[in-house]
Amino acid sequence: QVQLVESGGGLVQAGGSLRLSCAVSGRTLSVYAMAWFRQAPGKERECVAVIGWSRGTTVAHDSVKDRFTISRDRTKNTVWLQMNSLKPEDTAVYYCAADDDSKRGLSWKLLDYDYWGQGTQVTVSS
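Novice: What should I look at first to understand the environment of V5 in this one?
Specialist: Mapping V5 onto the fold places it in strand β1 (residues 2-7). On the basis of relative accessibility, which here comes to 47%, the residue V5 falls in the partly exposed class. As a C-alpha pair, V5 and S25 span 20 residues in sequence and 8.7 Å in three-dimensional space. When sequence neighbours within four positions are dropped, the list of residues in contact with V5 reads S21, C22, A23 and Q118.

Novice: It is not clear to me how the nonpolar core should be interpreted in this structure. Could you clarify?
Specialist: As a rule of thumb, nonpolar side chains are buried together in soluble globular proteins. L4, M34, W36, V79, L81, M83 and Y94 are the most contacted members of the largest nonpolar core, which has 29 residues in total. For this core, the secondary-structure elements that each account for two or more residues are β1, β3 (18-26), β4 (33-39), β5 (46-52), β7 (68-73), β8 (78-83), β9 (92-99) and β11 (120-125). If we ignore the near neighbours within four places in the chain, the residues touching L81 are L18, R19, L20, W36, V48, A49, F68, T69, I70 and Y94. A35, F37, V50 and Y95 belong to the second largest nonpolar core, which has eight residues in total.

Novice: Help me understand the packing of aromatic side chains, please; the structure alone is not making it clear to me.
Specialist: Centre-to-centre distance and the angle between the planes together describe a pair of aromatic rings. Applying the stated criterion to the full structure yields four aromatic pairs. Their ring planes at 80° and their centres at 6.4 Å tell us that Y95 and W116 sit as a pair that is edge-to-face. Placement of the pair is Y95 in strand β9 and W116 in strand β10 (residues 115-116), with a sequence separation of 21 residues. Among the residues examined, Y95 registers a relative accessible area of 13% and is labelled buried. Members of the aromatic cluster, connected to one another through ring pairs, are F37, Y95, Y113 and W116.

Novice: What am I meant to see in the pairing of β1 here?
Specialist: Two faces belong to every sheet, and in a regular strand the side chains alternate between them. Burial along β1 is one-sided: the residues V2, L4 and E6 are buried and none of Q3, V5 and S7 is. Two elements, β1 and β3, share six bridges in a ladder whose sense is antiparallel. Note on β3: the bridge partner recorded for V5 is A23.

Rules and cut-offs
Residues numbered from 1 in each chain as written. Predicted model: local features only at pLDDT ≥ 70, side-chain atom pairs only at ≥ 80, totals over all residues. Heavy atoms only, no water. Helix = DSSP H or I, 4+ residues; strand = E, 2+ residues; numbered from the N terminus. Buried < 20%, exposed > 50% of the residue type's maximum accessible area, 1.4 Å probe, protein only. Contact = heavy atoms within 4.5 Å. Core = buried A, V, L, I, M, F, W, Y, C linked by side-chain atoms within 4.5 Å. Phe/Tyr/Trp six-rings, centres within 6.5 Å; stacked < 30°, edge-to-face > 60°. Pairing = 2+ DSSP bridges.

So, in structure tokens, the structure goes:
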């Protein structure tokens, strides 16, 4: 089992920045990839960024790749999402997720992630 706990959400004005953290515990050696998803009210949960736990390879959704950066520190068992130039449309609950299947590449698919945090609210005011 892998446990994930997010922190760092809050209320910020448009144009501001936030850094989300995800503390990873449990069977961390089984983790292949980590991702940040978000879910806005009335919308489906979507993946915004993925990072390979071992190699640190990253991919980000086109809508955020110039503004959000995913990173990790395996010695601290932590994943971050640095969010800059925030927009009101970035308002959502943000979730950290872990994938323990090394047979597939970095995945955007919600169903490929077996472990989830409780989520942290990010609200961007205009």
